[in-house]
Amino acid sequence: MSVARQARLWQWAAVAYTVLASAFFALMPLIAVPARGEVAWVAPYTLLGWLVFPPLLIPVALTLVPLLVRRRRVLIAWICTGALGVLCLLLILSWGLLLVPAALFGAVGAHLTARAPIEDEEIDETPWQVPGS
């Protein structure tokens, strides 16, 4: 398998993980709401409706952009991965910790994207000969 293909698979893994993590955060009962002296656990989607999804689409966009951009792919991949890492640090006490694996997947994908032109070069298989012999 080529390094370019491995890089693309790592980046798609980051996208898939981010989509699943965002769906988990939006649909799992994570918020405690007092109701008649008891505590009821509800999902953020039931409280906020569709307004919960725009903030969750930011990490998805940060992992999807490196796959869609053709020019300066390595630079864009590292910028998006760094921005996702900063987002994880800013939101570390709420749902930022959930996105750390996506940032790691994106970093591996960005590194392999940078290595792909070097590793995937065509190698000349002809035997080496002494010049002038």
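Residue positions within a chain follow its written sequence, with the count starting from 1. At least 70 in pLDDT is required for a residue's local features to be given in this predicted model, at least 80 for side-chain atom pairs to be given and counted, and no such filter applies to totals for whole chains, interfaces and linings, which use all residues. To obtain the side-chain values, all non-hydrogen atoms of the structure were included, while hydrogens and water were left out.

The subject of this paragraph is the overall build of the chain. Elements are defined by DSSP. Helices are runs of H or I of four residues or more, strands are runs of E of two residues or more, and each kind is numbered from the N terminus. In terms of regular secondary structure, the chain is built from 5 helices and 2 strands. Beginning at the N terminus, the succession of helices and strands in the chain can be written as α-β-β-α-α-α-α. Partly exposed residues are those whose accessible area sits between 20% and 50% of the maximum for their type, while under 20% is buried and over 50% is exposed, using a 1.4 Å probe and protein chains only. Relative to its 133 residues, the chain shows a buried fraction of 28%. Carbon and sulfur atoms make up 70% of the accessible area of the chain, which totals about 9100 Å². Where accessible areas are quoted, they stem from the Shrake-Rupley method and a 1.4 Å probe; at the residue level, only the protein chains shown are allowed to cover.

Turning next to the packing of helix α1 (residues 3-27) against helix α3 (residues 53-68). Contact geometry of α1 with α3 gives a least axis separation of 9 Å together with a crossing angle of 175 degrees. Between α1 and α3, the angle is such that the two are roughly antiparallel. Contacts between α1 and α3 involve Arg8, Gln11, Trp12, Ala14, Val15, Thr18, Val19, Ser22, Phe25 and Ala26 on the former and, on the latter, Phe53, Leu56, Pro59, Val60, Thr63, Leu64, Pro66 and Leu67. Polar here means any residue other than Ala, Val, Leu, Ile, Met, Phe, Trp, Tyr, Cys and Pro, which are nonpolar, and Asp, Glu, Lys and Arg, which are charged; Gly is therefore polar. Residue classes in the contact of α1 with α3 are distributed as 13 nonpolar, 4 polar and 1 charged. Axes here mean lines fitted to C-alpha atoms, for a helix over just the part in contact, with angles spanning 0 to 180 degrees between N-to-C directions. Angles below 35 degrees are treated as roughly parallel, those above 145 as roughly antiparallel, those between 65 and 115 as roughly perpendicular, and all remaining angles as oblique. Residue contacts are defined here by distance: any two heavy atoms, one from each residue, within 4.5 Å place the two residues in contact.

Grouping buried Ala, Val, Leu, Ile, Met, Phe, Trp, Tyr and Cys residues that are joined through side-chain atoms within 4.5 Å yields what is termed a nonpolar core. In terms of nonpolar packing, the biggest core is built from 7 residues, these being Ala21, Ala26, Val52, Leu56, Cys88, Trp95 and Leu99. With residues near it in sequence (within four places) discarded, Leu56 still touches Ser22, Phe25, Ala26 and Trp95. Membership of the second largest hydrophobic core comes to 6 residues, among which are Leu62, Leu84, Leu87 and Ala102.

With that settled, the discussion passes to the side chain of Ser22. Of note, Ser22 is situated in helix α1. The exposure class assigned to Ser22 is buried, which follows from its relative accessible area of 8%.

Here we come to α3. For a helix, the expected span equals 1.5 Å multiplied by the number of residues minus one. With 16 residues, α3 extends 21 Å from end C-alpha to end C-alpha; this agrees with the ideal 22 Å at 1.5 Å per step. What the bend at a residue measures is the angle between two axes, fitted to the seven residues ending there and to the seven starting there. Roughly 30 degrees is the biggest bend found in α3, and it falls at Ala61. Looking at the buried residues of α3, the elements they touch are α1 and α4 (73-90).

So, on to the packing of aromatic side chains. For Phe, Tyr and Trp, where Trp contributes only its six-membered ring, two rings pair if their centres lie within 6.5 Å, and the inter-plane angle classes them as stacked under 30 degrees, edge-to-face over 60, or tilted in between. Summed over the entire model, instances satisfying the criterion amount to 5 aromatic pairs. Geometrically, the ring pair formed by Tyr45 and Trp50 is edge-to-face, given 5.6 Å between the ring centres and 85 degrees between the ring planes. The exposure class of Tyr45 is partly exposed, given its relative accessible area of 29%. Looking at Trp50, the relative accessible area reads 62%, which means it is exposed. Centroid distance Trp50 to Phe53: 5.3 Å. Interplanar angle 40 degrees. Geometry classified as tilted. Taken together, the ring pairs in this structure connect Trp10, Tyr17 and Phe105 into an aromatic cluster.

Bringing the environment of Leu62 into the picture now. Along the polypeptide, Leu62 turns up in helix α3. For the pair Leu62 and Gly106, spaced 44 residues apart in sequence, the C-alpha to C-alpha distance is 9.3 Å. In this view, Leu62 contacts Cys80, Ala83 and Leu84; residues no more than four positions away in its chain are not counted.

Attention shifts here to a nonpolar patch on the surface. A cluster of nonpolar residues, Phe24, Met28, Leu30, Ile31, Leu47, Leu48 and Leu51, forms a patch on the protein surface that exposes about 630 Å² of accessible area. The topology assignment puts Leu30 in the loop between α1 and β1 (31-35). Taking relative accessible area as the criterion, Leu30 reaches 37% and is therefore assigned partly exposed. Without a salt bridge and with relative accessible area above 30%, a residue can belong to a patch; like charges are then joined within 9 Å and nonpolar side chains (Val, Leu, Ile, Met, Phe, Trp, Tyr) within 5 Å. We define a salt bridge as a contact between a side-chain nitrogen of Lys or Arg and a carboxyl oxygen of Asp or Glu at a distance within 4 Å.

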